[in-house]
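Reading the structure
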Amino acid sequence: MAGCEAVGVVKEIPMRFVRALKCKECGAEYPADAARTSCEEDFGPLEIAYDYEAMRGVVTRASIEAGPRSMWRYRDLLPVAGEPVTGHRSGWTPLIKADRLARALGVDALWVKDDSVNQPTFSYKDRVVSVALTRAVELGFDTVGCASTGNLAHSVAAHAAMAGLAAHVVIPHDLEAGKVASTRVFGANVVRVEGNYDDVNRLCTEIADRFGWALVNVNLRPFYTEGAKTLGFEIVEQLGWNLPAHTVLPVAGGTILPKVWKAYREAVTLGLVADTGAKVYGAQAAGCDPVASAVRDGRSMFKPQKPKTIAKSIAIGNPADGVYAIDVIKQSGGWAESVSDGEIVAAIALLAKTEGVFTEPAGGTTLAVAKKLIEQGVIPRDEPIVIGITGNGMKTIEVMAGHGDERPAIPARIEAFERLVRG
Ligand SMILES: *Cc1c(COP(=O)(O)O)cnc(C)c1O
Ligand SMILES: [Zn+2]
């Protein structure tokens, strides 16, 4: 990825525990005081490196539990220097003990991490955007944006409104109407592009270079991706400071899965949880499954695809961090699978009917893949399982059209009602 130029320059507050931006390929380190994306030597992506020694005994269960009931309770483990500018209502979403769903799947213990109710835009993206925009303001940017499959655009638009920043969000032309309308309402410049997400992403790399804006998942990507760790921290804290044996997560650009794993490892490193092992599993739609195909075929590199699925929010055929998702799945001892659009719709209905949680196709994908892995015997039935539900079904209601009870209206008479319910 191009655009490793330093755009913003940080104000004088140092980040307490951040050591550097470190190349994931060669380990070269760069100061974390500017918007950089990639290594100058090999164009490898940069990731935040922390000083865990300095955190030991300072970042503890007690220090975290004393924090706010939001994602910012994990602020010491995030790359921001000062006070958060947004995200005060983001994170700390419910971890639901899903007993009815567990029975339906034939497993002993299952939890749903419910980011479909994350605030303010009802997807996991409010976590990554809160970190990226806070850092963008610290770096002196006044204009932000993103390349998005829908939920990120929605979130950037809302958080930009809260922080008083101008926003330009770029999306493929064919997204769900509800997502686009609920993005426009925040006053962002919503730009629809003829093409798929990979075309949008390429364009945004050029926009970041030419306009010098903070595009959260392009030139602020190292900061943005760290926000996804908060989902993992919440899971372990809400499990009473325990690692879940099995975690199933969706894979799009490949941010959330490796970052939840990073959160689990950091929790072990800091002594917040015992290292009891935690396998992570990737979920994709069959119509866009570069990572799942690579895992199934035993390859460490994925082959880019042209997406064709109703799971539009996770339809990324050339995922920026796909190789790291594959790597983490293998390292953890997990696996990956993909499921058809029909299985996705059935899983959305199953989650709604058993647990009262209405998710979008990304969540349907995750549940359908969990079901498949359980049926294949890959995930054992007698060990704790967490599934990450990352988005809300109210934003994509069109995918459920024709799958519910759509009988004609009845006259307002008791006989008509009786005929209907008694068949
Ligand atoms: C963005 C998104 C994901 C995961 O995307 P990554 O780029 O892999 O982090 C999952 N679910 C939903 C609903 C999303 O919007
Ligand atoms: Zn490098």
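Residues numbered from 1 in each chain as written. Chains lettered and ligands numbered in written order. Predicted model: local features only at pLDDT ≥ 70, side-chain atom pairs only at ≥ 80, totals over all residues. Heavy atoms only, no water.

1. Here we look at the overall build of the protein chain
When helices and strands are counted, the protein chain shows 15 helices and 13 strands. The C-alpha atoms of the protein chain give a radius of gyration of 21 Å, which matches the 22 Å a tight globule of 423 residues would have. Here the protein chain holds 423 residues, and the buried ones make up 59% of them. Put simply, 71% of the contacts in the protein chain that link residues at least 6 apart link residues at least 24 apart. (Helix = DSSP H or I, 4+ residues; strand = E, 2+ residues; numbered from the N terminus. Rg over C-alpha atoms; globule rule 2.2 N^0.38 Å. Buried < 20%, exposed > 50% of the residue type's maximum accessible area, 1.4 Å probe, protein only. Contact = heavy atoms within 4.5 Å.)

2. Overview of the environment of Arg202
Relative to the elements of secondary structure, Arg202 occurs in helix α7 (residues 197-211). Along the primary structure Arg202 and Val218 are separated by 16 residues, whereas in three dimensions their C-alpha atoms are 9.6 Å apart. At 2.6 Å, the side chain of Arg202 and the side chain of Asp199 are in polar contact. (Polar contact = N/O pair within 3.5 Å; in protein donor to acceptor, adjacent residues only side chain to side chain.)

3. A closer look at the sheet that holds strand β9 (residues 214-215)
On the basis of which strands lie adjacent, the open sheet formed by four strands has the order β8-β7-β6-β9 and parallel pairing. With one partner strand each, in any of the chains shown, β8 (189-193) and β9 form the two edges of the open sheet. Across two bridges, the pairing between strand β6 (residues 143-147) and β9 is parallel. Directly across from Gly145, in β9, lies its bridge partner Leu215. Contacts between helix α5 (residues 151-163) and the sheet are confined to β6 and β7 (166-172), with β6 contributing the most and set at about 170° to the helix. (Pairing = 2+ DSSP bridges. Axes fitted to C-alpha atoms, helices over the stretch in contact; angles between N-to-C directions.)

4. Quick notes on the site of ligand 1
Around ligand 1 sit 16 residues in total, of which Tyr124, Lys125, Asn151, Ala252 and Thr390 are the nearest. One of the side-chain N or O atoms of Asn151 is found 2.8 Å from an oxygen atom in ligand 1. Here Ile256 contributes a backbone N or O atom positioned 2.9 Å from an oxygen atom of ligand 1. The protein chains hide 97% of the 380 Å² of surface that ligand 1 would expose on its own. (Near = heavy atom within 4 Å. Areas by Shrake-Rupley, 256 points an atom, 1.4 Å probe, with all protein chains shown as cover.)

5. Quick notes on the pattern of salt bridges
It is possible for side chains of opposite charge to pair when their charged atoms get near one another. With the rule as written, the count across this model stands at 30 salt bridges. A salt bridge links Glu47 to Lys259; the nearest nitrogen and oxygen atoms lie 2.8 Å apart. Taken together, the residues Glu47 in strand β3 (residues 46-50) and Lys259 in helix α10 (residues 256-269) connect sequence positions 212 residues apart. The same class applies to Glu47 as to Lys259, namely buried. For Lys371, the salt bridge goes to Glu375, with nearest N and O atoms at 3.2 Å. One end of the pair is Lys371 and the other is Glu375, both in helix α14 (residues 361-375) and four residues apart, which spans about a single turn. Among the ionic contacts, a cluster of salt bridges with common partners joins Lys24, Glu47, Glu226, Lys229, Lys259, Lys262 and Glu266. (Salt bridge = Lys/Arg side-chain N within 4 Å of Asp/Glu carboxyl O.)

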